[in-house]
There are 2 protein chains.
Amino acid sequence: MGSICLPLALESHDITQLDEIVQRGRPLQKGEYLYRKGEKFESIWAVRSGLVKAIRVTSDGLEQVTGFYFPGEIVGMDGIGSEKYAASVVALETSAVCEIPFHRLEELSQRVPSMQRHFFKLMSQEINSDQQLITLLSKNTAEEKIASLLLSISARNTRRNLSAVNVRLQMSRTDISNFLGLTLETVSRIFSRFNKQGLIAVDGKNVDLIDLENLRAVAKF
Amino acid sequence: MGSICLPLALESHDITQLDEIVQRGRPLQKGEYLYRKGEKFESIWAVRSGLVKAIRVTSDGLEQVTGFYFPGEIVGMDGIGSEKYAASVVALETSAVCEIPFHRLEELSQRVPSMQRHFFKLMSQEINSDQQLITLLSKNTAEEKIASLLLSISARNTRRNLSAVNVRLQMSRTDISNFLGLTLETVSRIFSRFNKQGLIAVDGKNVDLIDLENLRAVAKF
DNA sequence: CGAGTAATTGAGAAAATTCAAAGATGGTGG
DNA sequence: CCACCATCTTTGAATTTTCTCAATTACTCG
């Protein structure tokens, strides 16, 4: 199985089509865990279809969403350092993932320099997206956070040859609030405000980005 | 030079003594940049003595401190993904660093499996500390953030065989505020409050952790 | 020693949260 | 197929935390 999935880790382009044809790896139902914090780390995982979130639970039981992972993106690299997963990953809709056994990845990286380099890059990208989130959480207002999230999903849609001006928010408002360090009420209020201002058209989980230019201005980007 | 510094990347224990005896690599004065965002990525760096911060500048010119790096810790892994550094690193006091040319690290990792594995682990640890910061920024109050930072520095002191109950905050209050997503006034107020409450004894940059137990309670840890 | 920078403290303002209630949505079984 | 229940979302009002602006005090280093 790993061999089918390895290209996902290797190739960052043109993954989407492949995803839509081949549906291998473990299928996950909405709400199902791919892995839980503390479980022995054996594999990293490529999301092939659907949507998953990575979460950490604070000492007082609150959930922090550290990332949403779309098709073509990789989860599980948090586990390499300590042989145990440091976060948990849950499907937000029916999703398919590819398992990439880490020991095989290590072997392959040992033999194939380009593979090693590529995996170093993947980890570096995770570091960068985490640090971008750190900056977002620390420096931006609620409006800026929401606008940034919408634009980030739009950009990822583009990479997957999907619409840049329409996003389906399969995650709940609570998940969004937990990702952006807000309350769900604030998230809801700001969607309403953006809607009223004509920046977006909200219809439940479906959001059209009407005024991309001003949305970018709000996101300060 | 790299060969002297590589053990730093390999060994995470007992680095301090080595640091205090051998002072190799590029010396940095306070305020001096180790590298800047956008520069070509060539090397990762091990901090051998002193203290550095990694920063990102937002589109509107604000500085986000994404990490403080103490002796024995590694910076620069943000650059691997795009061949350019994504952040800048500045010395907060006179510091010495070791340069580890990345191409040599790659070669070595190719030959020595344990080296490859160790470097994967180092990157995973960076991911984990970033995600811990994400959670701190998102879920914790100003008091909890400050208490957590003090305890984090204390824990790193312990690893370096320094005092667990005394920390020297070589970074400015502004740096602390930029790291924790607060204003410097709030940081200052909370130091004063903790001081008044007998949790710590603040004397400028010198802080004694008087009541570790209650400090841990405040940090919710 | 003094000028410039860094830190503290106070008071008022703003952003987001909390608490509360109503409204919408979606999945399930009759 | 539709009604119902549980869950999710929206909206409002009051509160709280942190920020902003402002002034004072303490350091630091030429």
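Residues numbered from 1 in each chain as written. Chains lettered and ligands numbered in written order. Predicted model: local features only at pLDDT ≥ 70, side-chain atom pairs only at ≥ 80, totals over all residues. Heavy atoms only, no water.

Draft legend 1. A look at the overall build of chain A. Helix and strand counts for chain A stand at eight helices and eleven strands. Going through the 221 residues of chain A one by one, you find that 54% of them count as buried. (Helix = DSSP H or I, 4+ residues; strand = E, 2+ residues; numbered from the N terminus. Buried < 20%, exposed > 50% of the residue type's maximum accessible area, 1.4 Å probe, protein only.)

Draft legend 2. Structural detail: the relation of the copies chain A and chain B. Once chain A has been moved 0.0 Å along the axis and rotated by 180°, it coincides with chain B to within an RMSD of 0.0 Å. Here the symmetry operator amounts to a two-fold rotation axis. (Least-squares fit on C-alpha atoms with pLDDT ≥ 70 in both.)

Draft legend 3. Representation of the interface of chain A and chain B. In this assembly, 46 residues from chain A lie in contact with 46 residues from chain B. Between chain A and chain B the total buried area reaches about 4,200 Å² when both faces are included, carbon and sulfur atoms providing 53% of it. Counting every contact that joins chain A to chain B gives eight salt bridges. A:Arg117 is the salt-bridge partner of B:Glu83, the closest N and O atoms lying 3.6 Å from each other. (Contact = heavy atoms within 4.5 Å. Buried area = accessible area lost by both parts, 1.4 Å probe. Salt bridge = Lys/Arg side-chain N within 4 Å of Asp/Glu carboxyl O.)

Draft legend 4. View of the protein's contact with DNA strand C. Around DNA strand C, 16 residues are found, and the nearest of them are A:Ala142, A:Thr186, B:Ser188, B:Arg189 and B:Ser192. The share of sugar and phosphate among atoms of DNA strand C within 4 Å of the protein is 62%. Taking A:Glu185, its side chain carries an N or O atom lying 3.0 Å from a base nitrogen of DNA strand C. One of the side-chain nitrogen or oxygen atoms of A:Arg189 is found 2.8 Å away from a base oxygen of DNA strand C. Breaking the surface near DNA strand C down by element, the ones donating at least two residues are helix H7 (184–196) of chain A together with helix H6 (173–180) and helix H7 (184–196) of chain B. Considering each element in turn, the surface near DNA strand C owes the most residues, four residues, to H7(B). Residues that form the surface near DNA strand C fall into these classes: two nonpolar, eight polar and six charged. (Near = heavy atom within 4 Å. Polar contact = N/O pair within 3.5 Å; in protein donor to acceptor, adjacent residues only side chain to side chain. Nonpolar A, V, L, I, M, F, W, Y, C, P; charged D, E, K, R; others polar.)

Draft legend 5. Representation of the sheet that holds strand E7 (residues 88–91) of chain A. Residues and elements named next belong to chain A. In spatial order, the strands read E2-E7-E4-E5; together these four strands make up an open sheet with antiparallel pairing. One side of each edge strand has no neighbouring strand; the edge strands of this open sheet are strand E2 (33–35) and strand E5 (63–69). Averaged over all pairs of adjacent strands, the angle between strand axes in this sheet comes to 30°, irrespective of strand direction. Across six bridges, the pairing between strand E4 (residues 52–57) and E5 is antiparallel. Its bridge partner being in E5, Val-52 is matched across the sheet by Tyr-69. Here helix H6 (residues 173–180) sits on the sheet and contacts E4 and E5; the angle it forms with E5, its principal contact strand, is near 100°. (Pairing = 2+ DSSP bridges. Axes fitted to C-alpha atoms, helices over the stretch in contact; angles between N-to-C directions.)

So, to be careful, I would describe these as geometric facts and stop short of saying anything about function.
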